[in-house]
Amino acid sequence: MEGRRVDKVERGTWGSRVGFLMAAAGSAIGLGNIWRFPYVTGQNGGAAFVLIYVAFVVLIGIPVMIAEFTIGRSTQKNPIGAFETLAPGSWWRWVGVLGVVTGIGILSFYSVVAGWTVGYFFKTLTGAFSHEIAGEESARIFGQFIGNPGVSIALLFAFIAITMYVVAGGIADGIERWSKVLMPVLFGILVLLAVYALTLEGASKGLEFYLKPDLSKVRAGTFAKALGQALFSLSLGMGTMITYGSYLSKKENLAVSAGYVALFDTVIALLAGLVIFPTLFAMGLNPAGGAGLVFVVLPTIFGKMPLGTVFGSLFFLLLALAALTSTISLLEVPVAYLVDEKRWPRRRAVLSMGTLAFVLGIPSALSQGAVSVLSALPRIGMGFLDLMNALFGNYSLSVGSLLIAIFVGYRWGVRNAVREIEQDGTRFALAAHWAFLVRFICPVAVAVILGYILLTGQYF
Ligand code: TRP
């Protein structure tokens with residue numbers, strides 16, 4: 001699995017084709033699918049948003065993922081090193097720098113939410129949701145939980161520490177073996193929860209909200225949010241997939257791999273929505289409730305369903321592990337940079353970048369009620385975590401993807417990229433379609449969305 005590299009000469013490669021797919025899918029599948037997708041969908045009007053989201057996954061996500069894999073495999077480097085190799089002495093290296101900074105930014109707030117899943121695993125396991133509770137009661141429990149400064153900082157610390165341990169220690173093989181088993185189990189539990197949720201009284205209103213598009217709910221901001229969500233969920237725009245591609249052998253079919261990763265990722269997200277929305281409407285909760293949605297909605301069915309405590313705790317445990325395979329990929333980007341380019345020992349790189357993410361995560365952890373200035377920032381109105389999420393988890397990724405598409409489409413050139421993809425007898429049947437998407441659709445669509453946001457000032 002990912003790099004237990006000792007030095008440049010002995011750079012790691014993935015154990016197997018399945019190993020790479022699982023690692024890339026492990027990076028993609030995480031809180032983005034199960035925590036972020038449902039609440040962003042809820043805030044942006046439901047089915048119409050889902051439609052735009054899926055279109056962006058296909059038209060922008062898959063092409064950019066192929067571009068990232070290709071840059072990575074061709075250069076066998078971290079994002080900054082990769083751009084320096086393909087465009088020496090140019091400003092393109094700053095795209096890599098943006099990626100490294102974004103990785104730390106996302107890791108900081110992502111680990112706060114990952115910490116909540118760990119907390120909710122223990123809460124559920126110890127019977128906090130073994131009896132039926134109403135929506136308001138669940139919301140109150142969650143509010144109290146995330147508003148506790150000591151608990152949320154401790155969980156943040158614990159989660160980053162585990163991530164650091166994995167990235168530093170080369171127990172990567174273990175993760176590869178785990179995720180092969182655990183991700184299918186997570187999938188199974190989601191199916192089970194979805195089936196149960198659909199039997200709840202009032203579930204059909206949720207289905208309608210989720211699956212019957214109401215185009216009057218579409219605004220310009222809907223496109224920006226759907227784009228950000230697609231890129232976030234697929235781990236694109238900051239060089240994660242460049243880094244993972246850099247550990248690949250020349251035999252891999254990059255285009256097919258990207259297709260699979262996107263498929264798995266999208267199926268998990270859509271399934272999560274199928275659990276959340278029927279339940280949410282059955283419980284009379286507000287779909288636009290924001291970042292707490294999953295944590296408020298799900299406990300209301302654990303108390304109702306047979307063996308709810310077992311399924312509930314298993315669910316949060318698996319979600320925490322899914323988040324772990326994502327935080328690993330986030331930390332790996334700055335670490336790969338420091339190891340490759342600055343020749344830092346891996347452990348030192350992990351320790352410094354992990355600490356930085358932890359310190360940066362503290363204000364996010366305190367922004368859920370513990371400290372009121374952080375919970376509603378002056379002038380901006382939103383909380384610190386939401387702001388980090390919008391800046392790094394949305395706009396940074398959009399800018400990064402725009403530049404990556406332009407780089408591959410015009411600077412490095414699709415011809416060179418296709419040559420890299422078609423090495424070792426691999427045929428890229430859709431090369432012309434991909435080239436068209438990367439050169440025209442991706443840059444234009446992303447630029448139009450970002451331009452509109454800039455002009456109108458509707459940033460959030
Ligand atoms: N895609 C992950 C999720 O859905 C989060 C993530 C991992 C990520 N690496 C990334 C997001 C790189 C953007 C960029 O939970």
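Everything that follows concerns the structure shown earlier in this document.
Conventions and cut-offs
- Residues numbered from 1 in each chain as written.
- Predicted model: local features only at pLDDT ≥ 70, side-chain atom pairs only at ≥ 80, totals over all residues.
- Heavy atoms only, no water.
- Helix = DSSP H or I, 4+ residues; strand = E, 2+ residues; numbered from the N terminus.
- Expected span 1.5 Å × (residues − 1).
- Buried < 20%, exposed > 50% of the residue type's maximum accessible area, 1.4 Å probe, protein only.
- Contact = heavy atoms within 4.5 Å.
- 1 Å grid on protein atoms, 1.4 Å probe; cavity = no way out; pocket = protein on both sides within 12 Å on 5 of 7 lines; lining within 4 Å.
- Points joined across faces, edges and corners; volume = space filled by probe spheres on them.
- Nonpolar A, V, L, I, M, F, W, Y, C, P; charged D, E, K, R; others polar.
- Axes fitted to C-alpha atoms, helices over the stretch in contact; angles between N-to-C directions.
- Parallel < 35°, antiparallel > 145°, perpendicular 65-115°, else oblique.
- Left-handed = near helix turned anticlockwise from the far one by under 90°.
- Near = heavy atom within 4 Å.
- Polar contact = N/O pair within 3.5 Å; in protein donor to acceptor, adjacent residues only side chain to side chain.
- Areas by Shrake-Rupley, 256 points an atom, 1.4 Å probe, with all protein chains shown as cover.

> Can you explain helix α16 (residues 346-365)? Please cite residues and give values.
For α16, which comprises 20 residues, the first-to-last C-alpha distance of 27 Å matches the rise-based estimate of 28 Å (1.5 Å per residue) to within 8%. Those residues of α16 that fall on the buried side of the exposure criterion are Arg346, Ala349, Val350, Met353, Gly354, Ala357, Phe358, Gly361, Ser364 and Ala365. On its buried face, α16 sits against α5 (93-125), α6 (135-146), α7 (149-169), α15 (308-341) and α18 (384-421).

> For the layout of surface pockets, give the residues involved together with the corresponding values.
Of the voids in this model, the largest pocket is the one considered here, and its volume is about 420 Å³. Along the wall of the largest pocket there are 22 residues; nearest its centre are Tyr39, Gln43, Met382, Asp386 and Asn389. For the lining of the largest pocket, the secondary structure elements donating two or more residues are α2 (31-43), α6, α10 (220-233) and α18. Residue composition of the lining of the largest pocket, by class: nine nonpolar, ten polar and three charged.

> Which residues make up the packing of helix α3 (residues 47-75) against α10, and what are the values?
Following both chains from N to C, one finds α3 and α10 inclined at 55°, their axes separated by 9 Å at the closest point. Between α3 and α10, the interaxial angle falls into the category oblique. Classified by chirality, the crossing of α10 by α3 is right-handed. Residues Phe49, Ile52, Tyr53, Phe56, Val57 and Ile60 of α3 form the contact with α10, whose own contacting residues are Thr222, Phe223, Lys225, Ala226, Leu227, Gln229, Ala230, Leu231 and Ser233. For the contact of α3 with α10, the per-class residue count stands at eleven nonpolar, three polar and one charged.

> Quick rundown of the site of the ligand? Include the residues and the values.
Surrounding the ligand, one finds 17 residues, the nearest of these being Ala28, Gly32, Tyr110, Phe232 and Ser235. A distance of 3.4 Å separates an oxygen atom of the ligand from a polar atom in the side chain of Asn33. For the ligand, a nitrogen atom lies 2.8 Å from a polar atom in the backbone of Phe232. Here the ligand has 360 Å² of accessible area as a free molecule, and 100% of this is covered by the chains.

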